[in-house]
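In case you want the letters, here they are:
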Amino acid sequence: MSNPRVAILMGSDSDFGIMEETCKVFDEFGVAYEVMVSSAHRTPERTIAYVEAARGNGIQCLICGAGAAAHLSGVVAATTTLPVIGVPIDATSLKGVDALYSTVMMPGGIPVASMAIGKAGAKNAALFALAMFSATDKDIEDKLAQYRKDMQAKVIAKSEALQAKLANR
Ligand code: RP5
C-alpha cells in the first residue's frame, strides 16, 4: 500500500487472524497501513531497526498485536516517541490475560495504549488511531461520525427486529 500512515506489527503470523480486524477498519476508512511480523524476542534487532526508521518513513502510529508474555508493544514504545497501541492476543492457556497484563501494565514514562484482548481490541486499535488522526484530519472526523451513525442504525434495526419477533410469539 502506498504511503502508509500506520504500521501494524505482530509477534507471529499466528496473530494475523486477530490483527486482520485492524486491517479491515483501515480498509473501510481508506487509510494506508503496512503489516509486518516481527517479534520482540525472536527478531529483536529487526523489530528495533524497523521502529527506528518508522517516523522517517511517514508512519504516524504503531499498532502491536502479541500474545503470551507480550512485550512487543513495550519494546516498540521504548524505541519511538510515536504513539503505540497494543492489542493483547489470546495465544496461551491463560487466554490473553497474560498478554493483557504485559501490555497494559507499562511502568510510568513509556506509554502503551492497551486495547481489549482479541478481536474487539484489534478493531478498536484502528478506531483509536483514527480518533487521534481525526484531531487534524477532517475527512477522517467525518467518516468516524458516519461510522457511529451507521452503528446506531444497525443497533436500532436489530432492536426493532427482535421486538417484532417477540410480539409475534
Ligand atoms: C507471541 O507468542 C506471538 O505474538 C504469538 O501471539 C505467540 C505465539 O507465537 P507462535 O508460537 O504462534 O509463533 O510472541
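Cut-offs applied
In this numbering scheme, every chain counts its residues from 1 along its sequence in written order. Only residues with pLDDT of 70 or above have their local features reported here, since the model is predicted, and side-chain atom pairs are shown and tallied only from 80 upward, although totals for entire chains, interfaces and linings are computed over all residues. Each side-chain value is derived from all of the structure's non-hydrogen atoms; neither hydrogens nor water enter the calculation. To form a nonpolar core, buried Ala, Val, Leu, Ile, Met, Phe, Trp, Tyr and Cys residues must be joined to one another through side-chain atoms within 4.5 Å. Only protein chains enter the calculation, and the probe is 1.4 Å; a residue is then buried if its accessible area is under 20% of its type maximum, exposed if over 50%, and partly exposed in between. Starting at the N terminus, helices and strands are each numbered in turn, a helix being any DSSP run of H or I of at least four residues and a strand any DSSP run of E of at least two. By definition in these notes, contact holds between two residues if any of their heavy atoms fall within 4.5 Å. Any residue with at least one heavy atom within 4 Å of a molecule or strand is counted as near it. Within 3.5 Å is the distance limit for a polar contact, defined as a pair of N or O atoms, with the added protein rule that one can donate a hydrogen and the other accept it, and that residues adjacent in sequence qualify only through two side-chain atoms. Computed by Shrake-Rupley with a 1.4 Å probe, the accessible areas treat only the displayed protein chains as cover when residues are assessed. The definitions used throughout rest on a 1 Å grid laid over the protein atoms alone, on which a cavity is an enclosed set of points accommodating a 1.4 Å probe that cannot get out and a pocket is an open set flanked by protein within 12 Å on both sides along at least five of seven lines; lining residues are those having an atom within 4 Å of a point. For a molecule to be placed in a cavity or pocket, more than half of its atoms must lie within 2 Å of the grid points of that cavity or pocket. Each residue is assigned to one of three groups, with Ala, Val, Leu, Ile, Met, Phe, Trp, Tyr, Cys and Pro labelled nonpolar, Asp, Glu, Lys and Arg labelled charged, and all others, Gly among them, labelled polar.

> Would you take a moment to explain the nonpolar core for this structure?
What tends to happen in soluble globular proteins is that the nonpolar side chains get buried as a cluster. Membership of the largest hydrophobic core comes to 27 residues, with the highest contact counts inside it found for Val 6, Ile 8, Met 19, Phe 26, Phe 29, Ile 63 and Leu 130. Elements with a contribution of two residues or more to this core: strand E1 (6-10), helix H1 (16-29), strand E3 (61-67), strand E4 (84-89), helix H5 (119-133) and helix H6 (138-167). The element that contributes the greatest number of residues to this core is H5, accounting for seven residues. For Phe 29, the residues in contact, after removing those within four places along its chain, are Leu 127, Leu 130, Lys 143, Leu 144 and Tyr 147. One finds Met 36, Ala 40, Cys 64 and Ala 70 within the second-largest nonpolar core, a separate group that totals 19 residues.

> Mind showing me how you'd approach the site of the ligand here?
Every residue near the ligand is listed here: Gly 11, Ser 12, Ser 14, Asp 15, His 41, Arg 42, Ala 66, Gly 67 and Ala 91. Within the side chain of Asp 15, an N or O atom sits 2.6 Å from an oxygen atom of the ligand. In the environment of the ligand, an oxygen atom lies 2.8 Å from a nitrogen or oxygen atom belonging to the side chain of Arg 42. Within the complex, the protein chains bury 74% of what would otherwise be the 370 Å² of accessible surface of the ligand. Of the pockets mapped on this structure, the ligand occupies the second largest pocket. Within the shell around the ligand, the residues separate by chemical class into two nonpolar, five polar and two charged.

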